[in-house]
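# What the coordinates show
Now for the letters of each chain:
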Amino acid sequence: MSRNYRLLVKNAKQVVLICNNGEKFMTKHEILNLCVIENGSIVIGSDGLITAVGPAETIRDQFAGATFDKVIDATGMCVLPGLVDAHTHPVWAGDRVHEFAMKLAGASYMDVHRAGGGIHFTVEHTRAAGPPELLSSLSSRLLRMQRAGTTLVECKSGYGLDLHTELKMLQVIEEARNTLPINISSTYCGAHAVPKGKTVEEATEDILQVQLPRLKEQMSAGTLRVDNIDVFCEEGVFDLSSTRRILQAGKDLGLNINFHGDELHPMNSAQLGAELGASAISHLEEVTDQGIAAMATARTAAVLLPTTAYILSDFNPNAYCCSMPIVMHLACVNMRMSMPEALAAATINAAYALGCSHTHGSLEVNKHGDLLVLNTTRWEHLIYQLGGHQELIRYVIIKGNIV
Ligand code: NIG
Ligand code: FE
């Protein structure tokens, strides 16, 4: 082949494909085989998509006359798909470090919330912040995630709880999507909490009558791209019937349903999500066996958040962790996942939760050329080593470009 390609990564000790048969997601049984090529190479085309992946000798023969913008000799290194973070709240202003001290002294998440802290504290500061400030802090947080190996990230709004601030947050996410290399799936989370001074009914009506119609206008005008709708379905936040109405209205706008459920109390969120055809439900610490069965039948992904179980939350001001390798480590130690399960959960299955597993989450021809090159001969080091990943992750590559 005498064409030009964007990138060749050659002679890697291990290339972890995750899967190689166009699977949308992987089950526990399938994860037993992560499709690891010993001594492999991968080629990314000028469109940023994977052109070929296979044994180093096969690729060398197949691309004998080709030229590449960049060649990485990965001898003694490992190649893996870029990591996918399926749940983050990364747009906010205001510092909640003081709450960590409160929690260490015994306060629960809901104690802090009821005392007017938590989400309410962040809402107050985010409402007051201008878009440039929000964009700049969002960009540095996303950059930290990218350095820790994340190449596709879900980003929620939800610290506005009013039309103006929710749109401001979504626009900031849109701006990040247009300016940063990291892939973003964006989520409208106007039902993240009931705003101070409003009842659940009033908040629900505001979302249905005011916020969603304006979102629809902006989406149709092409000024805003939103992928998912989220609600915090919880006692003292949004009950099951308000959650149903909001999620259904989002679905009617073409958004994927991807919401917080069964986190602190069993709410039958899993059954509701399954019934509405949700792509994913997050948290699920209190899910029932019936809920799990309903989700399995509906093929609704469970987004488990080991940092939540650790300190109650995913990446947000309440749990400041930008690192998916640390999240995978916690999943193995505290949730008893195997390393292959944790890796599949942080790649192909997280991409499935975002409705992106046809384009992301594994190293397969025609998928995005998003990958990591690790300075180690065994991929498991990405999970085994706790922290310090800047040294371990030699390259982060998005669409064939080193970022
Ligand atoms: O993912 N559960 C609700 N929302 C977040 C917490 C957000 C916050 O405390 O600011 C979560 O846990
Ligand atoms: Fe959350």
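Residues numbered from 1 in each chain as written. Chains lettered and ligands numbered in written order. Predicted model: local features only at pLDDT ≥ 70, side-chain atom pairs only at ≥ 80, totals over all residues.

Attention shifts here to the overall build of the protein chain. Of regular secondary structure, the protein chain possesses 16 helices and 15 strands. Relative to the compact-globule value of 22 Å for 403 residues, the protein chain shows a C-alpha radius of gyration of 21 Å, a close match. Oriented by its inertia axes, the alpha-carbon framework of the protein chain measures out at about 70 × 45 × 40 Å. Counting all 403 residues of the protein chain, 52% fall into the buried class. Partitioning the contacts of the protein chain with sequence separation of at least 6, the portion at a separation of at least 24 is 69%. (Helix = DSSP H or I, 4+ residues; strand = E, 2+ residues; numbered from the N terminus. Rg over C-alpha atoms; globule rule 2.2 N^0.38 Å. Buried ≥ 20, exposed ≤ 12 C-beta atoms within 10 Å, placed from the backbone. Contact = placed C-beta atoms within 7 Å.)

Moving on to helix 4 (residues 119-128). Within the sequence span of helix 4, burial applies to Ile119, Phe121, Thr122, Val123 and Thr126. Buried residues belonging to helix 4 abut helix 3 (109-114) and helix 6 (163-179).

Considering the arrangement of structural elements, one finds Tyr320 in the loop between helix 11 (306-311) and helix 12 (324-334). For Tyr320, a count of 14 C-beta atoms within 10 Å puts it in the partly exposed group.

So, about the nonpolar core. By size, the foremost hydrophobic cluster in this structure holds 121 residues, and its most contacted members are Val79 and Ala346. In terms of residue count, the dominant contributor to this core is strand 1 (residues 4-16) (7 residues). Each of domain 1 (4-81 + 362-402) and domain 2 (84-322) accounts for three or more of the residues forming this core. Residue contacts for Ala346: discarding those within four places in its chain leaves Leu83, Val84, Met324, Val327 and Met328. (Core = buried A, V, L, I, M, F, W, Y, C linked by C-beta atoms within 7 Å. Domains from an automatic or database assignment.)

For the rest of this paragraph, the subject is the domain arrangement of the protein chain. Taken as a whole, the protein chain is organised into domain 1 (4-81 + 362-402) and domain 2 (84-322). With centres defined by C-alpha atoms, the gap from domain 1 to domain 2 works out at 32 Å. On the domain 2 side, the residues contacting the 9 residues of domain 1 number 9 residues. Among the secondary structure elements, those contributing two or more residues to the side of domain 1 that touches domain 2 are helix 16 (389-392) and strand 14 (393-398). The dominant element in the side of domain 1 that touches domain 2, judged by the number of residues it contributes, is strand 14, at 3 residues. Here the residues of the side of domain 1 that touches domain 2 sort into 5 nonpolar, 3 polar and 1 charged. (Nonpolar A, V, L, I, M, F, W, Y, C, P; charged D, E, K, R; others polar.)

With that settled, the discussion passes to the sheet that holds strand 9 (residues 228-231). Pairing is parallel in the open sheet, where 7 strands are placed in the order 6-7-8-9-10-11-12. Each edge of the open sheet carries a strand with a single partner, namely strand 6 (83-85) and strand 12 (301-303). Within this sheet the neighbouring strands show an average axis-to-axis angle of 20 degrees, counted without direction. Direction of pairing for strand 11 (residues 280-283) relative to strand 12: parallel, over a ladder of 3 bridges. Bridge pairing in strand 12 places Ser282 opposite Val303. Packing of helix 8 (residues 240-252) onto the sheet brings it into contact with strand 8 (183-191), strand 9 and strand 10 (256-261), and relative to strand 9 it is tilted by some 175 degrees. Seen against the sheet, helix 9 (residues 269-276) touches strand 10 and strand 11 and runs at an angle of roughly 175 degrees to strand 10. (Pairing = 2+ DSSP bridges. Axes fitted to C-alpha atoms, helices over the stretch in contact; angles between N-to-C directions.)

One turn of the α-helix equals 3.6 residues, which is why residues spaced by three or four share an orientation. Along its 13 residues, helix 8 runs 18 Å from first to last C-alpha, staying within 8% of the 18 Å computed at 1.5 Å per residue. Taken together, the buried positions of helix 8 are occupied by Ser242, Thr243, Ile246, Leu247, Ala249 and Gly250. What you see down the axis of helix 8 is that its buried residues fit within an arc of 160 degrees, all on one side. Those residues of helix 8 that are exposed and aimed more than 90 degrees away from the buried face are Ser241 and Asp252. Just downstream of helix 8 lies Gly254, where phi reads positive at about 90 degrees. (Expected span 1.5 Å × (residues − 1). Arc of directions from axis to C-beta.)

Now for unusual backbone geometry. Although it is not a glycine, Asn11 adopts a positive phi angle of roughly 60 degrees. By secondary structure assignment, the location of Asn11 is in strand 1. Positive phi, normally seen in glycine, also occurs at Leu161, with a value near 60 degrees. You can see Leu161 is positioned in the loop between strand 7 (150-156) and helix 6. Given 26 C-beta atoms within a 10 Å radius, Leu161 is considered buried.

Okay, the pairing of strand 1 next. Across the 13 residues of strand 1, 11 count as buried, placing the element largely inside the fold. With 7 bridges connecting them, strand 1 and strand 2 (residues 36-44) associate as antiparallel partners. Counterpart to Val9 in the pairing with strand 2 is Ile42. When strand 1 meets strand 5 (residues 78-81), the two strands line up parallel, connected through 2 bridges. Bridging from a neighbouring strand, Val15 pairs with Val79 of strand 5.

Take the packing of helix 7 (residues 200-220) against helix 8 next. The geometry of helix 7 relative to helix 8 is characterised by a closest axis approach of 10 Å and an angle of 5 degrees between their N-to-C directions. Considering the angle they form, helix 7 stands roughly parallel to helix 8. Only Ser242, Arg245, Ile246, Ala249 and Gly250 of helix 8 make contact with helix 7, whose side of the interface consists of Val200, Thr204, Ile207, Leu208 and Leu212. For the contact of helix 7 with helix 8, the residue count by class is 6 nonpolar, 3 polar and 1 charged. (Parallel < 35°, antiparallel > 145°, perpendicular 65-115°, else oblique.)

Glancing now at the environment of Gln271. Among the structural elements, Gln271 can be located in helix 9. Gln271 sits in the buried class, given 21 other C-beta atoms within 10 Å. Each C-alpha atom, one on Gln271 and one on His358, is 26 Å from the other, the two residues being 87 residues apart in sequence.

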